[in-house]
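Chain by chain, the residues:
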Amino acid sequence: MAKIALITHPACFEHRPPAGHPESPERLAAVLTALSGLDDLIRLDAPCAEKADLVRLHPIDHVERLMALEPKQTGQKQQLDPDTYMSAGSIEAALRAVGAVKAGIDGLMAGQFERAFCATRPPGHHAEARKAMGFCLWNSAAIGALYARAHYGLERVAVVDFDVHHGNGSQELAELDAEFFCASIHQGGIYPGTGHAAETGQGNLVNVPMPSGADGSAWRAAFAETILPALAAYRPQIIIVSAGFDGHRLDPLAGLNLEVDDYVWATERLLDVAEGKLVSTLEGGYHLQALAACAFAHVRTLQTYKARSGGGLAGV
Ligand SMILES: [Zn+2]
């Protein structure tokens, strides 16, 4: 079995959107309860990222403006857009979500473990450099990619996003930075409305929009035909996975028909390309039982799958 880290922190429960909001603390509880049954995980507390980490992606004035907007008292909410809120505790939660990805990269680079799953919230992949949106404050995956390059001198860092919503924040970085590779498979035509196949950046961006109702076989085929060859050609030194499980057929926010096994398949294929090494961070997933089952299967696969060497061009 591969050495796997589970990186989380109780502070990630303290980001509290209003009652009834789908991105709830109960999501993290469901994930951690499911993972509590897995033995041999290296369990680490997510550290807080520092401002110096955030400003690799987010301009300092935007970072400080968001920090200043955080409500001071429990129960107060600050609404940033129609569906993005902050409560007292949101900033620490989001800093630890970024810090978890950093700690995952540090552990991989130090040889402490081979793969990591960051069970944190709020999610991050919709956060653009100057805009918190779509439940997201800071873009943990993109900041992690920039950290891996700046701190370790890695030249080829990829973000692969299989959340059902397009990872517009990570795409924004790819459009500005030709060295960075980003791929997203998502449902087309839903929030945030971007991620068309023609959006290819500088040849470093792959978007795979799927039609409403698409099932696992169509999703796997598209993933295998588009994302995997491009990713293998990029030869990533590290892959950061934006792992959203809201493409599951039971998810209330979207209309794909994926099953748990589809996430197992995607995890295996990414491990093949990564030659076994990746850091995965939780993004969406809003049906609690489906989220728990998918996250468990994802981490179990990280733990047990023996990656094939040589580029990951395994069949569907
Ligand atoms: Zn999502």
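See the structure printed just above.
This one's a predicted model, so the numbers in the text were calculated from it and none came from an experiment.

A. Quick peek at the overall build of the protein. When its secondary structure is counted, the protein shows nine helices and ten strands. By the compact-globule yardstick of 20 Å for 316 residues, the protein fits well, its C-alpha radius of gyration being 17 Å. Once the C-alpha set of the protein is aligned to its principal axes, its extents read approximately 50 × 45 × 40 Å. Buried residues in the protein amount to 59% of all 316 residues. For the protein, the proportion of contacts with a sequence separation of at least 24, taken over those separated by at least 6, is 76%.

B. Focus on the coordination of the zinc ion. At this site the zinc ion is bound by Asp163 (OD), Asp163 (OD), His165 (ND1) and Asp246 (OD), with donor distances of 2.0 to 2.7 Å. Here the zinc ion is ringed by four donor atoms whose angles at the metal span 53 to 155°, and the overall shape comes out irregular. All donors of the zinc ion come from a single chain, and their spacing in sequence reads D-x1-H-x80-D.

C. Main features of the environment of valine 160. Turning to its location among the elements, valine 160 is positioned in strand 6 (residues 157-161). The exposure class assigned to valine 160 is buried, which follows from its relative accessible area of 1%. In sequence terms valine 160 and isoleucine 185 are 25 residues apart; their C-alpha atoms lie 8.3 Å from each other. Look past the residues within four positions of valine 160 in its chain and what remains in contact with it is Ala183, Phe223, Ile227, Leu231, Ile239, Ile240, Val241, Ser242 and Leu270.

D. Spotlight on the packing of aromatic side chains. Summed over the entire model, instances satisfying the criterion amount to ten aromatic pairs. On the basis of an interplanar angle of 85° and a centroid distance of 5.7 Å, the ring pair of phenylalanine 135 and tyrosine 286 is categorised as edge-to-face. Remark: tyrosine 286 occurs in the loop between strand 10 (278-282) and helix 9 (288-304) and phenylalanine 135 occurs in the loop between strand 5 (115-119) and helix 5 (140-152); sequence separation between them is 151 residues. As far as the burial class goes, phenylalanine 135 and tyrosine 286 line up, both buried. By way of ring pairs, the aromatic residues Phe162, Trp219, Phe223, Phe245, Tyr263 and Trp265 are connected into one cluster.

E. Spatial organisation of helix 8 (residues 260-273). The end-to-end C-alpha separation of helix 8 is 21 Å, in line with the 20 Å expected for 14 residues at 1.5 Å each. Counted residue by residue, helix 8 has eleven buried out of 14 residues, so it is predominantly covered. Buried positions along helix 8 lie against strand 5, strand 6, helix 7 (216-234), strand 9 (238-243), strand 10 and helix 9. Where helix 8 terminates, the next one or two residues include glutamate 275, which has phi positive at roughly 50°.

F. Examining the environment of aspartate 61 more closely. Within the element layout of this structure, aspartate 61 appears in helix 3 (residues 60-69). Aspartate 61 sits in the partly exposed class, given a relative accessible area of 44%. Separated by 52 residues in the primary sequence, aspartate 61 and histidine 9 have C-alpha atoms spaced 27 Å apart. Within polar-contact distance, the side chain of aspartate 61 engages the side chain of arginine 130 at 3.2 Å.

G. The arrangement of unusual backbone geometry in detail. In this model, arginine 121 is joined to proline 122 through a cis peptide bond whose omega is 5°. Looking at the secondary structure, you find proline 122 in the loop between strand 5 and helix 5. Positioned with a positive phi, aspartate 40 is a non-glycine residue whose angle comes to about 65°. Structurally, aspartate 40 can be placed in the loop between helix 1 (25-35) and strand 2 (41-45). Relative accessible area serves as the criterion here: at 58%, aspartate 40 is assigned to the exposed category.

H. Inspection of the pairing of strand 1 (residues 4-8) at higher detail. Across the five residues of strand 1, five count as buried, placing the element largely inside the fold. Where burial is concerned, the two faces of strand 1 agree: the one with Ile4, Leu6 and Thr8 and the one with Ala5 and Ile7 are both buried. Summarising the sheet, strand 1 and strand 2 pair through five bridges and their orientation is parallel. Residue isoleucine 7 lies in a different strand from strand 2, and its bridge partner there is leucine 44. For the crossover that starts at strand 1, traverses helix 1 and ends in the parallel strand 2, the hand is right-handed.

I. Inspection of the packing of helix 8 against helix 9 at higher detail. Direction vectors running N to C along helix 8 and helix 9 enclose 30°, while the axes themselves pass 9 Å from each other. Classified by the angle between their axes, helix 8 and helix 9 sit roughly parallel to one another. Every pair of crossing elements has a handedness; the one defined by helix 8 and helix 9 is right-handed. On the side of helix 8, the interface is formed by Val260, Tyr263, Val264, Thr267, Glu268 and Leu271, while helix 9 contributes Ala293, Cys294, Ala297, His298, Thr301 and Leu302. Looking at the contact of helix 8 with helix 9 residue by residue, the class counts come to eight nonpolar, three polar and one charged.

Criteria and thresholds
Residues numbered from 1 in each chain as written. Predicted model: local features only at pLDDT ≥ 70, side-chain atom pairs only at ≥ 80, totals over all residues. Heavy atoms only, no water. Helix = DSSP H or I, 4+ residues; strand = E, 2+ residues; numbered from the N terminus. Rg over C-alpha atoms; globule rule 2.2 N^0.38 Å. Buried < 20%, exposed > 50% of the residue type's maximum accessible area, 1.4 Å probe, protein only. Contact = heavy atoms within 4.5 Å. Donors = N, O, S within 2.8 Å, 3.2 Å for Na, K, Ca; no water. Tetrahedral: all angles 85-135°; square planar, octahedral: opposite > 155°, others 65-115°. Phe/Tyr/Trp six-rings, centres within 6.5 Å; stacked < 30°, edge-to-face > 60°. Expected span 1.5 Å × (residues − 1). Polar contact = N/O pair within 3.5 Å; in protein donor to acceptor, adjacent residues only side chain to side chain. Pairing = 2+ DSSP bridges. Right-handed = clockwise from strand over helix to strand, strands pointing away. Axes fitted to C-alpha atoms, helices over the stretch in contact; angles between N-to-C directions. Parallel < 35°, antiparallel > 145°, perpendicular 65-115°, else oblique. Left-handed = near helix turned anticlockwise from the far one by under 90°. Nonpolar A, V, L, I, M, F, W, Y, C, P; charged D, E, K, R; others polar.

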